[in-house]
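The lines below spell out each chain.
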Amino acid sequence: MKETERYTDSRPVAAGYIGTVPYADAWELQKAYVKEIDREERLETLLLLQHPPTYTMGSDRHPEHLLLDEDELKERGISLFEIDRGGDITYHGPGQLVGYPLLYLEAVGLDLHAYLRSLEQVIIDWLGKYGIEAGRKPEYTGVWVKDEKIAAIGVKFNKARRRRGFITSHGFALNIKSGIASEGFAGIVPCGIQQYGVTSFNDLTGLDMTVEAAAAELLPYFLKQFGLQLSEKALTKE
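As a convention, each chain's residues are numbered from 1 in the sequence order in which they are written. Local features in this predicted model are restricted to residues of pLDDT 70 or higher, and side-chain atom pairs are both shown and tallied only at a pLDDT of 80 or more, whereas totals for entire chains, interfaces and linings draw on every residue. Values shown for side chains rest on all heavy atoms present in the structure; no hydrogens or waters enter the calculation.

## What about unusual backbone geometry?
Quick reminder of the rule: Segments assigned H or I by DSSP are reported as helices when at least four residues long, segments assigned E as strands when at least two residues long, and all are numbered from the N terminus. When accessible area is computed with a 1.4 Å probe and restricted to protein chains, residues below 20% of their type maximum are described as buried, those above 50% as exposed, and intermediate ones as partly exposed.
Look at Glu40: it is not a glycine, yet its phi comes out positive at around 60 degrees. Within the secondary structure layout, Glu40 lies in the loop between α1 (23-38) and β2 (44-50). Given a relative accessible area of 60%, Glu40 falls into the exposed group. Positive phi is not limited to glycine here, since His170 has a value of about 55 degrees. Residue position: His170 is located in strand β10 (residues 165-175).

In structure tokens form, the structure reads like this:
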């Protein structure tokens with residue numbers, strides 16, 4: 001079965017770029033949206049945004065992969081959160097496109113790993129438009145260009161209370177800005193992976209793509225991959 005054949009019901013989704021949002025605010029927004037989507041009071045949603053400099057540690061956390069102490073974090077203006085997604089430590093910051101899909105996955109025939117692969121495929125397909133041969137590494141999640149990671153994936157599957165299935169939260173972080181690897185990523189062992197590096201779209205292409213432009217270009221790939229259609233309802237931060 002092709003990845004795109006897993007999702008064929010063309011449900012409406014609210015989606016769009018909402019600018020720079022503090023990590024704590026975006027986390028609370030996701031939790032509220034998950035409950036509302038479960039109660040069918042809100043459309044499924046894709047939040048596209050940026051964060052101020054932030055480190056997040058997932059459920060597979062290893063504190064030793066954070067290479068900065070508390071004083072150094074303050075000096076560099078980087079926040080730190082221990083959160084409820086899978087995975088180890090990663091960086092979010094200016095110049096990175098973060099995507100939080102909040103989707104209902106029906107229990108019947110559910111393949112959680114297929115959802116992760118579909119998220120990766122969205123990014124792989126978009127990068128292919130620019131001649132970037134991106135792919136996967138079997139032992140890791142995320143999107144890779146040779147031995148450098150360009151996008152991290154970390155999700156949570158929230159059990160629905162009103163129906164059988166799950167609502168997704170968290171998602172992907174796609175590096176766009178040139179030089180991002182030497183900024184926030186230099187203070188951690190990204191995702192606990194020491195033997196490989198980090199890259200960005202602008203580093204690979206020599207272009208000066210903005211995060212907002214990347215969000216606009218990536219959205220149709222997301223809709224196609226998941227068989228969704230964009231709602232006419234405007235997306236806000238509320």
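## Observations regarding the side chain of Glu120
Cut-off, in case you're wondering: Identification of polar contacts relies on pairs of N or O atoms within 3.5 Å, with a donor-acceptor requirement for protein atoms, meaning one able to donate a hydrogen and the other able to accept it, and with residues adjacent in sequence counted only if both atoms are side-chain atoms. Here, two residues are considered to be in contact whenever any of their heavy atoms come within 4.5 Å of each other.
Its location among the elements puts Glu120 in helix α3 (residues 112-128). Residue Glu120 is classed as buried on the basis of its relative accessible area of 0%. At a separation of 2.7 Å, a polar atom in the side chain of Glu120 contacts the side chain of Arg136. With residues up to four places along the chain from it excluded, the contact list for Glu120 reads Arg136, Thr141, Gly142, Val143 and Ile153.

## As for the layout of surface pockets
Rules: Cavities and pockets were defined on a 1 Å grid built from protein atoms only: a cavity is a group of points that admits a 1.4 Å probe but offers it no way out, a pocket is an open group of points flanked by protein on both sides within 12 Å along at least five of seven lines, and a lining residue is one with an atom within 4 Å of any such point. Grid points are joined across faces, edges and corners, and a volume is the space filled by probe spheres set on the points.
Its boundaries defined by the atoms lining it, the largest pocket holds a volume of some 460 Å³. Around the largest pocket, the lining comprises 28 residues; the ones closest to its centre are Gly86, Gly87, Thr141, Ile153 and Gly154. Of all elements in the fold, only β5 (89-92), β6 (96-102), α3, β9 (148-159) and β10 reach the threshold of two or more residues within the lining of the largest pocket. Here the element with the most residues in the lining of the largest pocket is β9; it accounts for 5 residues.

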